[in-house]
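Take a look at the letters that make up each chain.
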Amino acid sequence: MMAASLQLEEPWYVACVSFDPEKQQMDIWVKVRDHAVFACPRCGSQAKRYGYEPYERSWRHADCLFFPCYVHCQRPKVLCGKCGLQQVNASFERQNSRFTLMFEGYAMMILADIPRRKASRLLRCNEKSLASILSYWVNRAADKQDLSNVSKLALDETSKRRGHQYVTIAIDALEHKVIDVEDGRTKQAVAAVKVRLEQQGGSADNITAVTSDMSASFLPAVKEYFPQAEQVIDKFHVKQVLTKALDEVRKNEQGEVDDKKTLFQYRNRYFKVNPMSLLITRKPSANERRYRGIVGNHDVHKGLFRARDDAVQVAAGDGAPGVQLRHLIG
Ligand SMILES: [Zn+2]
């Protein structure tokens, strides 16, 4: 079982397994047969074992019966006719990692669902090591992905950590897959997304649509680097602008109107209308007509038009009658 968990094959073998009650950990010692022959790590030709590396190394392995488990091995060297003395790596290790491949695989599975800090407690492994495991495998997967079929992109920004260190995330909008993450939320970040796309077999000319927010850096950058793409504004951001505009209206109204009670009554009745329905060009319902009447000339329209000016295609419906709020409730 131990050999299988390490994917050991002849001439490698498990020499000894023990449990240390004091340290509460399992230890596995792996060795190679004395007369073993290996493929030279550099040229691949057969070469005989020729001594060992000077020190025994240890790797953290997947837990065994909930006890932390460590693998110890003094790896062999080979003497190759062409390349000279070469270090042989074990099948269970990744170069420069202190963890076995099985541990890293398990950690990646946990990290897919759990934040790093919690995973660190669960795996009894410090966060820094988990971060380096994560970044190795994520980068490796990113470098291998084939982006030749990507035709629709979504760009968004998020903060890397608390504060204002932003990153730009590029998503394949059809596959719902993150294809790139770049530092910053500037024009250069969008340029870097294009470079990554083209490095991985994609083409900027194949991109027919790019969804993003209304940020002043994304929109011109998309136009420049993805000239064939139609620019689509993320509906979440449109909604955000509208909500903000409506909020302004509410505040302004409260400032203007003396008779707050009547104002709140009107609001209860008419603010239940979904603001988004105002943007639909169908024939408005009686309630909606009334609602438009109330807010007719008010800042909500200014807000809507501001949103449109920010490149949203806002169809504000047919013209509202323009009845002043204070006339209605006054
Ligand atoms: Zn060789």
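Residues numbered from 1 in each chain as written. Predicted model: local features only at pLDDT ≥ 70, side-chain atom pairs only at ≥ 80, totals over all residues.

## Focus: the overall build of the protein
When you go through the protein residue by residue, the secondary structure sums to 11 helices and 13 strands. When the 330 residues of the protein are sorted by exposure, 22% land in the buried category. Contacts spanning at least 24 positions in sequence make up 51% of the contacts within the protein whose residues lie at least 6 apart. (Helix = DSSP H or I, 4+ residues; strand = E, 2+ residues; numbered from the N terminus. Buried ≥ 20, exposed ≤ 12 C-beta atoms within 10 Å, placed from the backbone. Contact = placed C-beta atoms within 7 Å.)

## Some remarks on the environment of Val 222
Note that Val 222 resides in helix H6 (residues 218-225). For the pair Val 222 and Thr 211, spaced 11 residues apart in the sequence, the C-alpha separation amounts to 9.5 Å. Setting aside anything within four residues of it in sequence, one finds Val 222 in contact with Val 190, Val 210, Ser 212, Ala 229 and Gln 231.

## Considerations on the environment of Val 178
Secondary-structure assignment places Val 178 in strand S11 (residues 177-183). The class for Val 178 is partly exposed, based on 15 C-beta atoms found within 10 Å. The sequence separation of Val 178 and Leu 155 amounts to 23 residues, and the corresponding C-alpha distance is 9.7 Å. Val 178 has contacts with Ile 169 and Ile 171, leaving out every residue within four places of it along the chain.

## Observations concerning the sheet that holds strand S6 (residues 67-73)
Here we have four strands laid out as an open sheet, ordered S1-S2-S6-S5, and mixed in their pairing. In this open sheet, the two edge strands, each paired with only one partner strand, are strand S1 (12-20) and strand S5 (57-64). Shown here is a sheet whose adjacent strand axes are inclined to one another by a mean of 25°, direction ignored. Sheet topology note: the strand S2 (residues 25-32)/S6 ladder contains five bridges and is parallel. Paired with Ile 28 across the two strands is Val 71, which belongs to S6. (Pairing = 2+ DSSP bridges. Axes fitted to C-alpha atoms, helices over the stretch in contact; angles between N-to-C directions.)

## Here we look at the packing of helix H3 (residues 116-123) against helix H4 (residues 127-144)
Between H3 and H4, the least distance of the axes is 9 Å, while the angle of their chain directions is 110°. Classified by the angle their axes make, H3 and H4 are roughly perpendicular. Residues Arg 116, Arg 117, Ala 119 and Ser 120 of H3 form the contact with H4, whose own contacting residues are Glu 127, Leu 130 and Ala 131. Taken together, the residues of the contact of H3 with H4 sort by class into three nonpolar, one polar and three charged. (Parallel < 35°, antiparallel > 145°, perpendicular 65-115°, else oblique. Nonpolar A, V, L, I, M, F, W, Y, C, P; charged D, E, K, R; others polar.)

## Points about the nonpolar core
Formed by 18 residues in total, the largest nonpolar core has its most connected members in Val 30, Val 71, Ala 107 and Leu 130. Secondary-structure elements contributing two or more residues to this core are S2, S6, helix H2 (101-111), H3 and H4. If near-sequence neighbours (up to four positions away) are discounted, Val 71 is found in contact with Leu 6, Ile 28, Val 30, Ser 58, Trp 59, His 61, Phe 92 and Thr 100. Listed in part, the 17 residues of the second largest apolar core include Leu 147, Val 193, Ile 207 and Val 222. (Core = buried A, V, L, I, M, F, W, Y, C linked by C-beta atoms within 7 Å.)

## Things to note about H6
The complete set of buried residues in H6 reads Phe 218, Ala 221 and Val 222. Taken around the axis of H6, the buried residues stretch over an arc of 100°, which confines them to a single face. Against the buried residues of H6 lie strand S9 (152-159), helix H5 (187-199), strand S12 (209-212) and strand S13 (230-233). (Arc of directions from axis to C-beta.)

## Considerations on the pairing of S6
The pairing of S5 with S6 spans six bridges and is classified as antiparallel. Within S6, the position partnered with His 61 by the bridge is Cys 69. Taken together, S5 and the strand that follows it, S6, pair antiparallel across an intervening segment of two residues, in which Leu 65 is found at a positive phi of about 50°.

## Some words on the confidence of the model for the protein
Overall, the predicted model of the protein reaches an average pLDDT of 78, with 77% of residues at or above 70. Low pLDDT, under 50, characterises residues 307-330; the stretch is placed with 48 contacts to residues that sit more than four places away or in other chains. (pLDDT = per-residue confidence, 0-100.)

## A short note on the environment of Met 1
Structurally, Met 1 can be placed in the segment before helix H1 (2-5). Taking the number of C-beta atoms within 10 Å as the measure of exposure, Met 1 has 8 and is therefore exposed.

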